[in-house]
Structure formats: structure tokens, C-alpha cells
Amino acid sequence: MSVTTAALDPSVCAPLPVLGQDVTVPLVTGGEVVYAALDYAASAPALQRVWDDVAAYAPYYGSVHRGAGYLSQLSTDLFENSRRTVAEFLGCRAEDQVVFTRSTTDSLNLLAAALPADCQVFVYETEHHASLLPWRDARVTYLDAPRTPAQAVETLERALADRDPYGPALVCVTGASNVTGELWPVKELAAAAHTHGARIVLDAAQLAPHHPVDIAELDVDWVAFSGHKLYAPFGSGVLAGRADWLREAEPYLAGGGASRKVSRRADGGVDVDWHTTAARHEAGSPNVIGVYSIASACKALTEAGFDNLVAREQELVSRVREGLAEVPEVQVLSLFGDDAPRVGVISFVVRGWNSSHFAAALSAEYGIGVRDGLFCAHPLVRTLLGSDPQDPGECGAPEAEPGERSLNAIRVSFGAGTPDEHIDRFLRAVSELVRDGARWNYRTEDGRCVPDRGEAARTA
């Protein structure tokens, strides 16, 4: 998968308006500053367009699929039109289904529940826990972290060729790493999977907000992603792709909406005729607003010109990487090397700093929000840091005190709504903290590094 680097059109490539872009936060050193949200990989801010669309619909909110009233009919049309919008955004094939879920995690757990008997799953240790852990009822082969895209394909091909017995198989792979931002060779992995009679699901949680995803072009069987990373933070997700395994599986949730007909038997039991469409796995009253927000975000990104958004983001990626490279104490984490294409997700450690301490100082002294920890990808981060798999360290809860070495990292992430000033402030802050140290004292409280409110500011 390549990253578009077409020439930018300045008239259409300004940052997209997002909620919170003018929010100010207090600094421990005094005063306030506009918050720099650089934690898009966790949850991206909602696009203003999405918020406006949801606000316009909200007065017309009604039940879906079950009501005869006008608002129910309108809401049902909106819900199903959103399904078609998402299918178009993902380049779905005519026979594919779009199932609405709560998140990427929910989508992959749904697929895990639909696996045929004796299915073997192949997953790299580099995956986010959402795609590493759902396969508890299957035979799982965990693949070592590859160091090149070609090695990723070769490792998969060997594992698939050696599987015994030669039955149904599923490969799960990320499109873009939530730790390094690096793009994976999805199309090549899909070809390898299909050559060996396996299917493949793409975890696009970090890819879809940054890069066009086309199911047919990539030739993957399923795609999963979350709305809250696609500038639509309302607790909805998507599983899109082949219908057969989903149609043949027991409903993910049993209840209204999934059932087409329910009748009592003479022996007192119940017979159920389940839907064979996406409704089979969408029991209960659906999150109409969340679904509509995803569709609105899909439209907004498409109408803004995804190529231009990608090109601008690549400029920001280059600026961040070049700026961090000027600080010798900073080590950027990477699997595939400096030349690997990547989205706006970059993780690093700073020599002589506890990562949680550094992230806390960025927030308290500069108003910059980043993420520290193992990013729900513990095996990958430990591999990149060269630490023992049994070494301590948890997502966002290091045991090390400020100033002590930690086994965690710092992640900066950005996207379509990121202003240039936020990138400039971040790079300036990194340079100043490494050169001068923190201007405030910090302590560990409930597993987090926080400013010591009882301490006066120290002179830099």
C-alpha cells in the first residue's frame, strides 16, 4: 500500500474544522493556552460537519425498523442510507454486508464468534489487542514481528503452507500500526492468504481515518474500524465484507431485530427464524446517531478530497520526524525502518526520561495532549523497546517514578483537523524539555504521573 504524495492545493487543504479547536486549558506555570490535541490514534476529535449533521437530525430521532410513524420511518431511512454510504466509502462489493457494531473491538469479536468449526487464525504479535485477543475459541498461531513488509508476507506464506490440518483459516492484520503508524502490505498479504485457501480481515482502525480503504481493490474479505477514530465519536463501529460466515453463524446477540419470526412449539419451547441480512447481528435498538455520525464522517472526508488530506498529513509526518531527528536523545520506534510509509502516528522514547513524566510535562507545561504507555499493543511495544516480554509495564500506568527509566513509550498522533501550530508547539516543547528539563515537579498518583500542585515552579 502506498501513500499519496500529490501536490497540495492550498485552497482545499486547510485543516478540517473539528470540535474543541478553540478550547483553552490551564498551564501549571500560569495562564492558559489553546489545547493541542495530538492523540488522534486514541480518539480523533469530531468533525464540525459531523456534529452539525447530528444536531440537525436530533429533533427527528425515532425508533428504527419498528415504527409506523413519520419519525420512525425517517430514522429507518437514515439508518439504511448510512449503511449504503459506508459501503460506498469502503468500496464494498455487491455481495458484501455492512454490519454496525460498537467499535473495532466489537467488530472483531463478532467475526471471532462467526468462525466456522476448526478454523485456524493467524495473527502477528504486532497487532493491537483488539485484533490480537478475540480468537479465544479458535486455534491461534501468533506470528513474530516482521522487520520488513516482504518478511511479513514470507512469514505468513510459510505459516499458512505448514498448517495442519488444512482447513478453514483466517488471517488478521492491521492496515496501519497504532504504535508506529507504518503501513502494512495489505494487498500482498491478502494475495498470500487467498493463495493458501485462507481469508483475511483488515483492522482498519488506524488506516481508515488517514488513507482511503477499498475492500475490492485490496481484495480483503472483511474490514473493521471504529467511528471514534474516524472523527465520529459516538460509540459505533463497522464490520464490512463477506456475508457467508456471518449468515451461517448464530446471532452475535439474541433479541429483537435479529429475529425474523418467533413461535411457540407444542412442547412449550420456542422456534426462531433468524435474519440472514446484517440485521442478524444487530439485535436491539441500534445506535442511530452513532451510525449516522460515521456516515457523515465518510461523506466529509470524501468531499474534502482524501488525496489532499493524505498529502497534507504526509507533510506533517515529515515535519515531525525531521524535528524529532534533531534531538539526539529521542528514539523513534519503527518496525520497517525510516523509509517505511506511515500515517500520522509516531511513537518514541527519550533517553533519560520516564515516558509518563515526559507526557505529563507536555500536557501541564505546554497544553499538549499525547499518549504514553504500551498503547494496548504490549507485545509490539516491548519488542520495539527490546525489553523482556515479562518486564513490568502497563497501558498508561507505569510503576517508575518521574526521572526513572520506564518500559513505556510516548505517542504523538494527528490527522485531518491538526493545525500547523500544534505540530510546531509540540516540536518546540520536545526540544525545550530535553534541553532544559521540566519546569515543575511531578509525582506518581494512582498510577499516573501528575504535577505536584504543592510545589512551586522551578527555574529552568
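All values reported here derive from a predicted model rather than from experimental measurement. Numbers given to residues run from 1 along each chain, matching the order in which its sequence is written. The predicted nature of this model means local features are confined to residues of pLDDT at least 70 and side-chain atom pairs, given and counted, to a pLDDT of 80 or more, with totals for whole chains, interfaces and linings taken over all residues. Where side-chain values are given, they derive from all heavy atoms of the structure, hydrogens and water being excluded.

Caption draft 1: Up close: the nonpolar core. Among buried residues, those of type Ala, Val, Leu, Ile, Met, Phe, Trp, Tyr and Cys that are joined through side-chain atoms within 4.5 Å constitute a nonpolar core. Exposure classes here rest on a 1.4 Å probe applied to the protein chains alone. A residue is buried below 20% of its type maximum, exposed above 50%, and partly exposed in between. Ranked by internal contacts, the top residues of the largest apolar core, which has 84 residues, are Leu90 and Phe225. Elements are defined by DSSP. Helices are runs of H or I of four residues or more, strands are runs of E of two residues or more, and each kind is numbered from the N terminus. In terms of residue count, helix H9 (residues 288-304) provides more of this core than any other element does, 9 residues in total. Contact criterion: two residues are considered in contact whenever any of their non-hydrogen atoms come within 4.5 Å of each other. Every residue in contact with phenylalanine 225, bar those within four places of it in the chain, is listed here: Val86, Leu90, Ser103, Thr104, Ala204, Ala205, Ala208, Leu230, Gly237, Val238 and Ile294. With 36 residues, the next largest nonpolar core counts Leu316, Ala360, Phe414 and Ala438 among its residues.

Caption draft 2: Local environment of helix H6 (residues 186-195). Within H6 the residues assigned to the buried category are Val186, Leu189, Ala190, Ala192 and Ala193. Along the long axis of H6, the arc covered by the buried residues comes to 160 degrees, so they all point the same way. Where H6 is buried, its residues meet strand S5 (120-124), helix H5 (149-161), strand S7 (169-174), strand S8 (199-203) and helix H7 (215-218). Summarising the geometry, the arc corresponds to the directions from the helix axis toward the C-beta atoms.

Caption draft 3: Broad picture of helix H2 (residues 70-89). Any helix carries an expected span of 1.5 Å times its number of residues minus one. End to end, H2 covers 28 Å across 20 residues, agreeing with the expected 28 Å (1.5 Å per residue, within 8%). Taken together, the buried positions of H2 are Ser72, Ser75, Thr76, Leu78, Phe79, Ser82, Arg83, Thr85, Val86, Ala87 and Phe89. Close packing links the buried residues of H2 with helix H1 (48-57), strand S4 (97-101), strand S9 (222-226), strand S10 (237-241), H9 and helix H10 (306-325). Phi for glycine 91, located one or two positions after H2, is positive at around 65 degrees.

Caption draft 4: How the structure looks around the environment of threonine 104. Within the secondary structure, threonine 104 is located in helix H3 (residues 104-113). Along the primary structure threonine 104 and alanine 191 are separated by 87 residues, whereas in three dimensions their C-alpha atoms are 23 Å apart. If sequence neighbours within four positions are ignored, threonine 104 has contacts with Asp203, Ala205, Ala224, Phe225 and Ser226. A distance of 2.5 Å separates the side chain of threonine 104 from the side chain of serine 226, its partner in a polar contact. In protein, a polar contact requires one atom able to donate a hydrogen and another able to accept it; more generally it is a pair of N or O atoms within 3.5 Å, and residues adjacent in sequence count only if both atoms are side-chain atoms.

Caption draft 5: Main features of the pairing of strand S14 (residues 345-350). With respect to burial, S14 is a largely interior element, 6 of its 6 residues being buried. Burial along S14 is two-sided: the face carrying Val345, Ser347 and Val349 and the face carrying Ile346, Phe348 and Val350 are both buried. Note on pairing: DSSP must find at least two bridges between two strands before they are called paired. Relative to S14, strand S13 (residues 330-332) is paired through 3 bridges, and the arrangement is antiparallel. Its bridge partner lying in S14, glutamine 331 is registered against valine 349. Pairing geometry for S14 and strand S17 (residues 409-413), over 4 bridges, is antiparallel. The partner of valine 345 across the bridge, within S17, is serine 413.

Caption draft 6: Structural context of the pattern of salt bridges. Between Lys or Arg on one side and Asp or Glu on the other, a salt bridge is scored when a side-chain nitrogen of the former is within 4 Å of a carboxyl oxygen of the latter. Counted according to the given criterion, the structure contains 26 salt bridges. Here aspartate 267 makes a salt bridge to arginine 265, at a shortest N to O gap of 3.2 Å. For aspartate 267, a relative accessible area of 58% puts it in the exposed group. For arginine 265, a relative accessible area of 34% translates into the label partly exposed. With a closest N to O distance of 2.4 Å, arginine 443 and glutamate 445 form a salt bridge. Residue classification places glutamate 445 among the partly exposed residues on the basis of a relative accessible area of 35%. Linked by salt bridges that have partners in common, Arg199, Asp221, Arg242 and Asp244 make up one network.

Caption draft 7: Quick peek at the side chain of glutamate 282. Along the chain, the position of glutamate 282 falls in the loop between strand S12 (270-274) and H9. Here glutamate 282 falls in the buried class, since its relative accessible area comes to 11%. At 2.9 Å, the side chain of glutamate 282 forms a polar contact with the side chain of arginine 83. Setting aside residues no more than four positions away along its own chain, glutamate 282 makes contact with Phe79, Arg83, Val98, Val99 and Phe100.

Caption draft 8: Geometry of the packing of aromatic side chains. Two aromatic rings, drawn from Phe, Tyr or Trp (for Trp, its six-membered ring), form a pair once their centres lie within 6.5 Å of each other, and the interplanar angle then sorts them: stacked below 30 degrees, edge-to-face above 60, tilted otherwise. All chains considered together, the criterion is met by 11 aromatic pairs. Ring geometry for tryptophan 222 against tryptophan 245: centres 5.3 Å apart, planes inclined by 35 degrees, an arrangement best described as tilted. Remark: tryptophan 245 occurs in helix H8 (residues 244-248) and tryptophan 222 occurs in strand S9; sequence separation between them is 23 residues. For the residue pair tryptophan 222 and tryptophan 245, the accessibility class agrees, reading buried in each case. With a centroid separation of 6.4 Å and an interplanar angle of 90 degrees, the aromatic rings of phenylalanine 348 and phenylalanine 358 are classed as edge-to-face. Of this pair, phenylalanine 348 sits in strand S14 while phenylalanine 358 sits in helix H11 (residues 355-366), and the two are 10 residues apart along the sequence. Residues phenylalanine 348 and phenylalanine 358 agree in their burial class; the two are buried.

Caption draft 9: Expanded view of the pairing of S12. Alignment of strand S11 (residues 259-264) against S12, held across 5 bridges, turns out to be antiparallel. Bridging from a neighbouring strand, serine 259 pairs with tryptophan 274 of S12. Between the antiparallel neighbours S11 and S12 lie 5 residues, among them glycine 268 with a positive phi of about 95 degrees.

Caption draft 10: Expanded view of the environment of serine 356. By secondary structure assignment, the location of serine 356 is in helix H11. Looking at serine 356, the relative accessible area reads 1%, which means it is buried. For the pair serine 356 and arginine 371, spaced 15 residues apart in the sequence, the C-alpha separation amounts to 8.5 Å. One polar contact links serine 356 to aspartate 372, side chain to side chain, over a distance of 3.4 Å.

Caption draft 11: Structural detail: the sheet that holds S10. Taken together, 7 strands build an open sheet; the order of strands is S4-S10-S9-S8-S7-S5-S6 and the sheet is mixed. Either end of the sheet is taken by a strand with one partner, and the two such strands are S4 and strand S6 (139-143). Averaged over neighbouring strand pairs, the angle between their axes works out to 20 degrees when direction is ignored. Examined bridge by bridge, S5 and S6 share 5 bridges and lie parallel to one another. For tyrosine 124, the partnering residue across the bridge sits in S6 and is leucine 143. Contacting S4, S9 and S10, H2 runs over the sheet at an angle of about 115 degrees to S4. Note on geometry: axes are lines fitted to C-alpha atoms, helical ones only across the stretch in contact, with angles between N-to-C directions running from 0 to 180 degrees.

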